[in-house]
Amino acid sequence: MPRSKIELRHVRYIIAAAESGSYRAAQDLGVEQSAISRRIRDVEDEIGAQLFRRHPAGVDLTDIGQQFLNQAAPGARQIGSALDGARTVANRGRH
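In this report, we go over the structure that sits alongside the text.

**Quick word on the overall build of the protein**
And step 1. Scanning the protein from terminus to terminus reveals four helices and two strands.
And step 2. Dimensions along the principal axes, computed over C-alpha positions, put the protein at roughly 50 × 35 × 20 Å.
And step 3. By residue count, 33% of the 95 residues in the protein fall in the buried class.
And step 4. Relative to all contacts within the protein whose residues are 6 or more apart in sequence, the contacts with residues 24 or more apart total 43%.
And step 5. Only carbon and sulfur atoms are counted for the fraction: they give 50% of the accessible area of the protein, which is about 6,600 Å².
And step 6. In the protein, 14 positive and 11 negative side-chain charges are present, and the distance between their average locations comes to 6 Å.

This is the structure in structure tokens:
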């Protein structure tokens, strides 16, 4: 099986864009709007389908995008929680 080029940050970009309905979510993530757009296109290229419908007012998830989000978001949030927990334990050890 070929190795996926999709990274956790790409999934976070998709989640942020879906929640805000726009690539302006980049501001909250501290990245350029064009970076979110590019990374989402990379994911779409790897999947072979569009995740978002783009329009002048922003973006909307396609059916495939909604399915992807439903399956990927819980995993991304779980990883974020695991990282936060590990940081908390690591910080306690430093005091």
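**Looking at helix 1 (residues 8–20)**
A turn of α-helix holds 3.6 residues, and therefore any two residues three or four places apart point the same way.
And step 1. An ideal rise of 1.5 Å per residue puts 18 Å on 13 residues; helix 1 measures up with 18 Å between its terminal C-alpha atoms.
And step 2. Among the residues making up helix 1, those that are buried are H10, V11, Y13, I14, I15, A16 and A17.
And step 3. Buried residues along helix 1 sit in contact with helix 2 (26–29), helix 3 (33–47), strand 1 (52–55), strand 2 (58–61) and helix 4 (63–94).
And step 4. In the segment just after helix 1, G21 is the residue with positive phi, at about 75°.

**Quick notes on the packing of helix 1 against helix 4**
And step 1. Where helix 1 contacts helix 4, the axes come no closer than 10 Å and their chain directions differ by 120°. As the angle between them shows, helix 1 and helix 4 are arranged oblique. Note on packing geometry: the crossing formed by helix 1 with helix 4 is left-handed. Contacts between helix 1 and helix 4 involve L8, V11, R12, I14, I15, A18 and E19 on the former and, on the latter, F68, L69, A72, A73, A76, R77, I79, G80 and L83.

**Structural notes on the pairing of strand 1**
And step 1. Where strand 1 lies against strand 2, four bridges are found, and the strand directions are antiparallel. Within strand 2, the position partnered with F52 by the bridge is L61.
And step 2. Connecting strand 1 to the next strand, strand 2, in antiparallel fashion are two residues.

**Let's talk about the pattern of salt bridges**
And step 1. As enumerated under the stated definition, the model contains five salt bridges in all.
And step 2. R77 serves as the salt-bridge partner of E19, at 2.6 Å between the closest nitrogen and oxygen. Of this pair, E19 sits in helix 1 while R77 sits in helix 4, and the two are 58 residues apart along the sequence.
And step 3. Taking the relative accessible area as the measure of exposure, R77 reaches 47% and is therefore partly exposed.
And step 4. Of the charged contacts, one joins D84 and R87 as a salt bridge, the two residues approaching to 3.1 Å between their closest N and O atoms.

**Quick notes on helix 4**
And step 1. With 32 residues, helix 4 extends 47 Å from end C-alpha to end C-alpha; this agrees with the ideal 46 Å at 1.5 Å per step.
And step 2. Of all bends in helix 4, the biggest is about 30°, found at A72, and the proline P74 comes one to four residues later.
And step 3. In this structure, the buried side of helix 4 is in contact with helix 1, helix 3 and strand 2.

About the criteria used
- Residues numbered from 1 in each chain as written.
- Predicted model: local features only at pLDDT ≥ 70, side-chain atom pairs only at ≥ 80, totals over all residues.
- Heavy atoms only, no water.
- Helix = DSSP H or I, 4+ residues; strand = E, 2+ residues; numbered from the N terminus.
- Buried < 20%, exposed > 50% of the residue type's maximum accessible area, 1.4 Å probe, protein only.
- Contact = heavy atoms within 4.5 Å.
- Areas by Shrake-Rupley, 256 points an atom, 1.4 Å probe, with all protein chains shown as cover.
- Lys, Arg positive; Asp, Glu negative; His and termini not counted.
- Charge placed at Lys NZ, Arg CZ, Asp CG, Glu CD.
- Expected span 1.5 Å × (residues − 1).
- Axes fitted to C-alpha atoms, helices over the stretch in contact; angles between N-to-C directions.
- Parallel < 35°, antiparallel > 145°, perpendicular 65-115°, else oblique.
- Left-handed = near helix turned anticlockwise from the far one by under 90°.
- Pairing = 2+ DSSP bridges.
- Salt bridge = Lys/Arg side-chain N within 4 Å of Asp/Glu carboxyl O.
- Bend = angle between axes of the 7 residues up to and from the residue.

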